[in-house]
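Each chain, letter by letter, is given below.
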Amino acid sequence: MRILVLAFTAAITVLASTTAQAFCGFYVARADTSLFNKASQVVMVRDDDRTVITMANDFQGETKDFAVVIPVPTFIEREQINVADRSVIQHLDAYTAPRLVEYHDPDPCYRYDRMEMAAKSSALPAAEDARERDAGRGVTIEASYTVGEYDILILSATESDGLIRWLRENQYRIPDGAEAVIRGYLRQNMRFFVAKVNLEEHADLGYSYLRPLQVAYESNKFMLPIRLGTLNANGKQELYVYALTRTGRVETTNYRTVNLPSNTEVPEFVEDEFPQFYRAMFQRQTDKENGRAVFLEYAWDMAWCDPCAADPLSSEELRKLGVFWVGGNDGRAALKSSQAQNVYVTRLHVRYDKEHFPQDLMFQETGNRQNYQGRYIIRHPFKGESNCDMDQYQASVRERQEREAQTLASLTGWDIDEIRSKIPFIRYAREDSKQVPWWKTLWD
Amino acid sequence: MHTLFRNYRASDPRYYQIAVLTCLVTYGIAVLDFGIHWYNAIAIAVTAQAVQFTGSRISGTAFDARSALVTSLSLTLLLRTDSIALAAAAALIAIGSKFVVRINNKHIFNPANFAIVSLVILTDDAWVSTGQWGSATIGALALACLGFIVLTRAKRAETTISFLVAFAALLLLRSWWLSDPLVIALHHLQNGALLIFSFFMISDPKTTPNSADGRIIYGIFVATVAFAIQFIWYEPNGPILALILASPLVPVIDAFRAGPAYRWIERPHSKPTTPIERMSKPKGAF
């Protein structure tokens, strides 16, 4: 029996990290989607009513068992479905991922002015072939297509129980509670898009994974149906939504969209534990919002980045994701392929389940073009030779290290003493003189 | 001072509105951090008072800062923009519309509503964030709103109540028709922006019908249009758009159902004696 996977789950390979230098710190590491299990990634391109959705999954079982049912707001023709290149989504993930940056303190004896500059910069705001009818069940296969390695059926139905029966008879496994949700979608005139893997095509194409599915349609509903996905899921699921628009940030209208804490200084050891840090911080922020918020991880004009976790996407890559207003056959646009224009990206991260997210996600595009990025900073103290009194500098570093420990504890909920034990606190002369009695070294 | 106190005791509901809205603005800026800029709040407040003052001088009416302050606070809470110039323009449009767009000595549009819809339609740089209050805040907000009803002894509250009851009934009907669980309809109602709209915008006694049954009909009409915008045409901000579409109906309803025009302060029958009392004597409905 085929397994009906109603929620998309994402497969991400960890990209080799590249180091980039920029004004907003030296890029060290990023928290991409591979940090979280059961993560789906959806790219939504939206301008007026035109929508292109790309869905990536990390289905781990046998490809013959893969099938997915997706509600879509309109009838879909063959040309509206496409299979995308996985690497473009991986690039988008890397470009928008929360990042760790580092600064090295300069020699305190000569260059205090530079430290002030660095402190200022850290405070900068970041950024159809055959039609079949089965009148008895009220289910109509409006179209069936083979696109890439997928066999796709567009179904419309008059009664939800007919559709459920059809899916079950065709060996799709349907979770309990699906009937009521499907009935609701049918009454809103939504169609169902069923995709399963065509094993012959899959073998011919030679991919070892399933490529993302894309669908383009025109509808005034700017939404993502997540309710079916909450029915068969074990526990909470991670969803990343990358919205690509012309004007500005995208936010949810029926759930709170919250900026994750950003531009904060954390202890140096976070460089080795960045994934653990990010997971703990995300969990804590989710708990703080009672599990009911959508989090903003990145909002930036696609033309640039600072610091760059990866280069911005080219016009060609954006076009592959469905950004229809860039590139095209315009030769001049192709020339500017490395400098994508007029595309604003919003990366949203949501951890959801049926209890906390009873409704589908509804979105709106706003005029907010304020750049935002999840950016965490480590500062390495100056450890070189110096020829002046370092007391004042060392005291300030000591204070900073304690402040960083407290910030980390409050962001992640980690034990403060454990954090302190991992920090190589700077010892400075004045402090040593307080702790060691003067007479201890008198007759050495 | 004594007169001021007496004016307060004359149960002008705007004092309570100002207090609640100020708390909400402070909470929004300091705790929720959902995109209200303090400098926009100041630009809106200053512009609104300046326009109110100028408008009062030109029309020859007494200057009253209270209504303009309520409008400023509503605008600050509901309108989002990164441009301080647009924030000031919103205040100008809002208060300006009170003096310009008038029928039967009554202004047609709720000032804040008129400014929000104008800017959202005319520019790409202004929007309304309806989902940003979060579920944790809703309980306290609902309580503050209910407090308003109790404090004003439900005077002129028919519009708010009929709007909320009709909107909730339509949501429940939709849930039943779609076989949705009840929690979805409740989730739609637990919306901070919806509560602010219901208690601080549609409730405006100056832009609602004069008769009680007229106000009930009006509330139900706004709820029906809002529901259609949001759940048939799938556009966000249903209530705010519905109110501006329904506003021109108020003079029509007034023509058929007569009632006393609203005065913010219940006046004692004695003649005004102090300058402040003379100033607060309503000459025109601003």
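Reading the values: rules and limits
- Residues numbered from 1 in each chain as written.
- Chains lettered and ligands numbered in written order.
- Predicted model: local features only at pLDDT ≥ 70, side-chain atom pairs only at ≥ 80, totals over all residues.
- Heavy atoms only, no water.
- Core = buried A, V, L, I, M, F, W, Y, C linked by side-chain atoms within 4.5 Å.
- Buried < 20%, exposed > 50% of the residue type's maximum accessible area, 1.4 Å probe, protein only.
- Contact = heavy atoms within 4.5 Å.
- Salt bridge = Lys/Arg side-chain N within 4 Å of Asp/Glu carboxyl O.
- Helix = DSSP H or I, 4+ residues; strand = E, 2+ residues; numbered from the N terminus.
- Disulfide = S-S within 2.5 Å.

**Details of the nonpolar core**
And then number 1: Among the nonpolar cores identified, the biggest contains 72 residues, and Leu 75, Phe 163, Phe 167 and Val 222 of chain B are the most heavily contacted of them.
And then number 2: If sequence neighbours within four positions are ignored, Phe 167 of chain B has contacts with Leu 189, Leu 194, Ala 223, Ala 226, Phe 227 and Phe 231 of chain B.
And then number 3: With 65 residues, the next largest nonpolar core counts Tyr 150, Tyr 255, Val 258 and Val 266 of chain A among its residues.

**Re the pattern of salt bridges**
And then number 1: Per the stated rule, a full pass over the model turns up 21 salt bridges over all chains.
And then number 2: With its nearest N and O atoms 2.7 Å apart, the salt bridge here joins Arg 420 of chain A to Glu 402 of chain A. Here Glu 402 of chain A lies in helix α10 (residues 391–412) and Arg 420 of chain A lies in helix α11 (residues 416–421), a separation of 18 residues in the sequence.
And then number 3: Using a relative accessible area of 28% as the deciding quantity, one classes Arg 420 of chain A as partly exposed.
And then number 4: Under the relative-accessibility criterion, Glu 402 of chain A is labelled partly exposed at 22%.
And then number 5: Across the salt bridge formed by Asp 64 of chain B and Arg 66 of chain B, the nearest N and O atoms sit 3.0 Å from each other.
And then number 6: Arg 66 of chain B sits in the buried class, given a relative accessible area of 13%.
And then number 7: Through salt bridges with shared partners, a single ionic network connects Asp 93, Glu 297 and Arg 347 of chain A.

**A look at the state of the cysteines**
Residues and elements named next belong to chain A.
And then number 1: Scanning all chains against the criterion turns up 1 disulfide over all chains.
And then number 2: Through a disulfide, Cys 305 is tied to Cys 308; the S-S separation comes to 2.0 Å. Measuring the twist about the S-S bond at about 100°, one finds the Cys 305-Cys 308 disulfide to be right-handed. In terms of burial, Cys 305 and Cys 308 fall into one category: buried.

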